[in-house]
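Fold and geometry: a report
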Amino acid sequence: MGIALTRAAQWTTASSGTGKLEITPVNESLLKEILEFVEQFSSRHPQEAKHVFKEPLQWTTSLEASDFKTEYDISGPSVKSQETDKDGRPMLQLTPPSISVHSFSQLSKIVQLAEDKRLNEVRACLEANRDPVAKMLGPSLATVEGEDSSVLRLLGKVKEGDQAKEAEIKVNLIILLQQLDTQLLSNSLKQISQEVRLSPAAVKNDVELLKNFCSEGEKRVLKSVQYTSDYEFTNGCRTPPWRQVHGEICYLVIQPCDTEPLHITCSTAGVFLNGGIRQEGEENAYDRTSDVYKDLVTLLKSKSPHFAENINKQDFAVQKEPPTQKIQHVELVDAEEQGQPQRSYEHQEKNVHEKARQQLVQNKPGGKKKLEPSLKWKNLGLASPYEEADDKKSKKNAASEKFAETQEKMQKKADFSVSLPGRQSSNKTKDDDFSESSSESEEDEEQPERRTESNTDLPSEYWQIQKLVKYLKGGNQTATVIALCSMRDFNLAQETCQLAIRDVGGLEVLINLLDTEEIKCKIGSLKILKEISRNTQIRRAIADLGGLQTMVKILDSPDKDLKCLAAETIANVAKFRRARRTVRQHGGIKRLVELLDCVPDSAALTEEQEKDVEVARCGALALWSCSKSTRNKEAIRKAGGIPLLARLLKSPHDNMLIPVVGTLQECASERSYRIAIQTEGMIEDLVKNLNCDNHELQMHCASAIFKCAEDKRTRDLVRQCEGLQPLVTLLSQADNKQLLAATTGAIWKCSISMENVAKFQDYKALETLVGLLTDQPEEVLVNVVGALGEGAQKPANRATIRKCGGIQPLVNLLTGTNQALLVNVTKAVGACATEPENMAIIDRLDGVRLLWSLLKNPNPDVQASAAWAICPCIENAKDSGEMVRSFVGGLELIVNLLKSTNKEVLASVCAAIAKIAKDEENLAVITDHGVVPMLAKLTNTTDDKLRHHLAEAIARCCMWGSNRVLFGEAGAVAPLVRYLKSKDSSVHQATAQALFQLSKNPNNCITMHDNGVVKLLLGMMGSTDEVLQEAAAGSVANIRRLALANEKARFPTTVPESEAV
């Protein structure tokens, strides 16, 4: 099912992991087959249907509680299945509009209950769960591109007898899902093969035909037909290469006589309207906004009545157009990738949406200038078929002939250069061996020319390398090998030598040597490229020259030394985004993951196995570099990289563990990886490696724990594996700032669990952390303060921070500018302020004023954290009312924050206002600043946290003047009644208190009674919470008194209440 969704299903956007399923015949067919499979699954495979998914499938459903019948417990709008797993969790849970399902048996029942909404439910489920197999069977059995060994690993478990029954059911289940995938793909292929496929030539003919109907006069059918780009690739397409892979041929803007301009995409599958492509990068503009039509004429007939009426009257004889001059383009370095501003160039004619990376080259009046296609387009597979044939010719000749031909081709390619418009060409002869390579900026491109102006500035190595490159270009096989060996004798770590190789055209030669079939030449070339690719400019030049594509192909080589060198070079080059993307787009991620398959933890390894381990190490290095991209992380997971990384994590060798843990800690930013790290048992290995002697490995392990400890299960595992004490021990490595940052980060996230805080308390961690509050970089301080903020939730730790002198450095940090640090500092200061002794120190250091000033910070996270910290400060300060009034403009500032759109800011400010309003003078001031209408405006919220503190603030503000009346007039009473239906008990208490204060006004009592408050309050009068009891009873009493007074006013002769039965 996962592969079919990835390959056959048609989504609304090109980005993986987003979008909706399009309403197309192919998708409808897929959904119906999946629906039939799910419907019949329980009856055909009863044992597998009861298998509990690793993670539930969750989606937004249209089903309601009334749709469910027997076998389900219904409580209001919520539904739970009576069927549970071994831990007692229901296999189905509905909390409208969200539904959560744990097994196929419940899925089968859902589609039966949905009746005519069955297809919609299947669609919603698949859109919310793009890889359902991963959730059903776990991340290790997720959908994998290419060869998948997950079933083999499961079969191994069956044979070993380890949880054999469960593993056998898993095997059966994944085989059934793979059979479904095969069936879905086969049927989709049949359906797609029956569709009409357009070609670039057919589209071009249609466009030329339509242009003939754009003439003036009565016979005019269309106003204009224009391409959005005048550049035409050798394959006939006019779309960017990254859209050609989706079958798109060109984009048109057609202006009919009777409608708005039509933005049209022509693709191999047909033609359709798009969102109006105006510039590169607007992914949503490429989306289809209409049905797909078989050709342009059919689309125009559908959209333009004038065209449909007059087209049949036209003479379809195509007139020959006068020959036009073809505009040629050359391609510049990818400005977006390198962070350069895109350059603008003059155009001879107006293009509709020309790509910024293409450049218009104007021929000089005196003569013609021949332009070569950019090397980068060749590397993307868009060169002419004649050039491709020339690259591959003579493969059946003897090795010496092939080598000679390759050398000749390298000579030509190395001498190739393109002069850019706007730059003066250098005075070089055709025999000059120097050629410029693509580099990061114009300034870099000019460096070789500037350096050659003064020969005395160049060291002797420069000229020696130039001679060696000449031998590489023109020598035979033996001379080439000798030249490569001689080049390696230079200090290739020196920048002068690195740039010398680039400047004299050596990079092109070295990269072209990778295309030969001589192993020695490939190895020699890769050894040099591996060393010099540590230079930033060299890395970009290698990517521009197509070196990465060739190296990715070498990963398939049977020679293990070659694979190692290629992987290590890829690891060096893939340090920037475009290079990482190139590796992924050319299948490099899958090949690199395959390199990880080895047996690293055996006691005695054969020579071949040792080579396999080295190959795996180099593959892990390359994946580490590539894993800095979000899409590459997903590609590694889909290629089956997680279980292989888990296996390599058990290696006893540090040089293997560093890239493996480095890759894992990069990928741990994704939730799917964090879950896999838990389930694959990797936390234990990470904790074990915290005790090693290698600081770099310790740093990566701590960083991985830092990212994974966002989840409670991981925090518990770290404690259970006794990983907290090694983290505290690593705090002594204060000189290693990277290790210290990772360690303090791990301690901070682990401290979110109070059980871990107790352990840190035993290990005296807080005392050490307080000592790190000064003279540390910000990345360390953020983590240290975060850990202290979590630890200060316990009273004993608050006293420890004070005794160790931690209050003053914390208050001093309130004057910083780092947003993340300010959020953590305000939380820590607020936690410490709950102790009166700590509050006295904070007040003396003017900490409250600093906190109040942070309310002006533009970051809503800082505003919210500061407001939360102010609450305990007001509560525990001596004469807090006078202190608050002493802040000039402070009360107006906090009232104005009620205009924020951030719910956390609103909740924290309401909590602060509830504390401020305890002082009568302050309450009068904030009333004058308009606090009542602002609070009333917020009452329609559905957020329980905001409801709680908003109700508290309203209750306090009612105690001044005519505020109760004003709240009623502002419409705050009726929404407050709805708060009593919340499931949060703290909301009930605060709301009951607010209603009690509001019920002291007769009009408010009437509004409350009309909105059904009495029934809700009567139930709460029986609560075990005394505050809630008292407030509910008081509100009901006030409403009852008003009713009695009304009765007496209407019937003055009624029997007195004392005499009533």
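Position numbers for residues start from 1 in each chain and track the written sequence from start to end. Reporting of local features is limited, given that this is a predicted model, to residues whose pLDDT is at least 70; pairs of side-chain atoms are given and counted only at 80 or more, and all residues count toward the totals for whole chains, interfaces and linings. Only heavy atoms go into the side-chain values, all of them from the structure, while hydrogens and water stay out.

Where an unreviewed UniProt entry is consulted, the protein chain appears under the name Armadillo repeat-containing protein 4, with the organism given as Coregonus suidteri.

Turning next to the pattern of salt bridges. Should a side-chain nitrogen of Lys or Arg be within 4 Å of a carboxyl oxygen of Asp or Glu, the pair is scored as a salt bridge. The final tally for this structure, using the stated rule, is 37 salt bridges. A salt bridge links K109 to E71, with the nearest nitrogen and oxygen atoms 2.8 Å apart. With K109 in helix 4 (residues 104-114) and E71 in the loop between strand 1 (57-60) and strand 2 (72-75), this pair connects stretches of sequence that are 38 residues apart. We call a residue buried when its accessible area falls under 20% of the maximum for its residue type, exposed when it is over 50%, and partly exposed in between, using a 1.4 Å probe and counting protein chains only. On the basis of relative accessible area, E71 is assigned to the partly exposed category, the value being 44%. Helix and strand labels come from DSSP, where a helix needs a run of H or I of at least four residues and a strand needs a run of E of at least two; each type is numbered from the N terminus.

Turning our attention to the UniProt feature "repeat: ARM" (unreviewed entry) in the protein chain. UniProt positions are given in the numbering used here, feature names are shortened, and annotations may be inferred rather than shown by experiment. Mapped onto this numbering, the UniProt entry gives "repeat: ARM" (unreviewed entry) at residues 546-588, 640-682, 889-931 and 971-1004. Segment residues 971-1004 splits into 71% helix and 0% strand. End C-alpha atoms: 10 Å apart.

What follows concerns the packing of helix 21 (residues 506-513) against helix 22 (residues 519-532). Each axis is a line fitted through C-alpha atoms, and for a helix only the stretch in contact is used; angles between axes span 0 to 180 degrees, taken between their N-to-C directions. The contact between helix 21 and helix 22 brings their axes to 8 Å, and the two run at 135 degrees. Viewed along their axes, helix 21 and helix 22 adopt a mutual orientation that is oblique. Helix-helix and strand crossings are classified by hand; for helix 21 and helix 22 the assignment is left-handed. Counting all contacts with helix 21, which are made through L507, L510, I511 and L513, the residues of helix 22 involved are C521, K522, S525, I528, L529 and I532. Note on terminology: angles under 35 degrees are roughly parallel, angles over 145 are roughly antiparallel, angles of 65 to 115 are roughly perpendicular, and the others are oblique. Definitions for this section: a left-handed crossing has its near helix turned counterclockwise from the far helix by less than a right angle. A right-handed crossing has that turn clockwise. Note on contacts: a residue pair qualifies if any of its non-hydrogen atoms lie within 4.5 Å across the two residues.

Our focus in this paragraph is the nonpolar core. By size, the foremost hydrophobic cluster in this structure holds 220 residues, and its most contacted members are W852, L935 and F967. Residues contacting W852, with those up to four places away along its chain left out, are I870, I874, V884, F887, G890, L893, I894 and I916. Here, the term nonpolar core denotes a set of buried Ala, Val, Leu, Ile, Met, Phe, Trp, Tyr and Cys residues that are joined through side-chain atoms within 4.5 Å. Ranked by size, the runner-up nonpolar core spans 42 residues in total, among them F68, A124, M136 and L137.

Okay, the sheet that holds strand 3 (residues 78-81) next. One open sheet accounts for five strands, arranged 1-5-4-3-2; its pairing is antiparallel. The open sheet is flanked by strand 1 and strand 2, the only strands paired with a single partner. Neighbour-to-neighbour, the strand axes of the sheet open up by a mean angle of 10 degrees, direction not taken into account. DSSP calls a pair of strands paired once it identifies at least 2 bridges connecting them. The pairing of strand 4 (residues 92-95) with strand 5 (residues 98-101) spans four bridges and is antiparallel. When the sheet's bridge partners are listed, L92 is paired in strand 5 with V101. Strand contacts of helix 4: strand 1, strand 2, strand 3, strand 4 and strand 5, with the helix running at about 140 degrees to strand 5, the strand carrying the most contacts.

Glancing now at the environment of T901. Inspection of the secondary structure puts T901 in the loop between helix 48 (890-896) and helix 49 (903-916). Assessed through its relative accessible area of 78%, T901 is described here as exposed. Separated by 41 residues in the primary sequence, T901 and P860 have C-alpha atoms spaced 9.3 Å apart.

With an omega dihedral of 5 degrees, the bond running from P96 to P97 counts as a cis peptide bond. Position of P97 relative to the elements: it lies in the loop between strand 4 and strand 5. Backbone geometry at E71 places phi at a positive 70 degrees, although glycine is not the residue there. A positive phi angle, close to 65 degrees, is found at D846, a residue other than glycine. By secondary structure assignment, the location of D846 is in the loop between helix 44 (836-844) and helix 45 (847-853). A relative accessible area of 36% means that D846 is categorised as partly exposed.

Here we take up the side chain of T744. The residue T744 is located in helix 37 (residues 737-750) in this model. Since its relative accessible area comes to 0%, T744 is described here as buried. Polar contacts, as counted here, are pairs of nitrogen or oxygen atoms within 3.5 Å of one another; within protein the pair requires one atom able to donate a hydrogen and one able to accept it, and residues that are adjacent in sequence qualify only if both atoms are side-chain atoms. Of note is the side chain of T744, whose polar atom sits 2.7 Å from the backbone oxygen of L740.

Let's shift gears to the packing of aromatic side chains. Each Phe, Tyr or Trp ring (for Trp, its six-membered ring) is paired with any other whose centre lies within 6.5 Å, and the angle between the two planes then decides the class: stacked below 30 degrees, edge-to-face above 60, tilted in between. Counted according to the given criterion, the structure contains eight aromatic pairs. Geometrically, the ring pair formed by Y231 and F233 is edge-to-face, given 4.9 Å between the ring centres and 85 degrees between the ring planes. Here the two residues Y231 and F233 agree in accessibility, since each one is buried. An aromatic cluster is present here, built from F37, F41, F53 and F104 joined pairwise through their rings. A ring has a charge above it when a Lys NZ or an Arg CZ is no more than 6 Å from the ring centre and no more than 35 degrees off the ring normal. Above the ring of W748, the side-chain terminus of K749 is found at 4.0 Å from the ring centroid.

Our next topic: the state of the cysteines. Count a disulfide wherever a pair of cysteine sulfur atoms falls within 2.5 Å. Throughout the structure, instances matching the rule amount to zero disulfides. No disulfide involves C832; its sulfur sits 9.9 Å from the nearest other cysteine sulfur, which is in C873. A disulfide-free cysteine, C873 has its sulfur positioned 8.9 Å from the sulfur of C871, the nearest such atom. Given the relative accessible area of 0%, C873 is considered buried.

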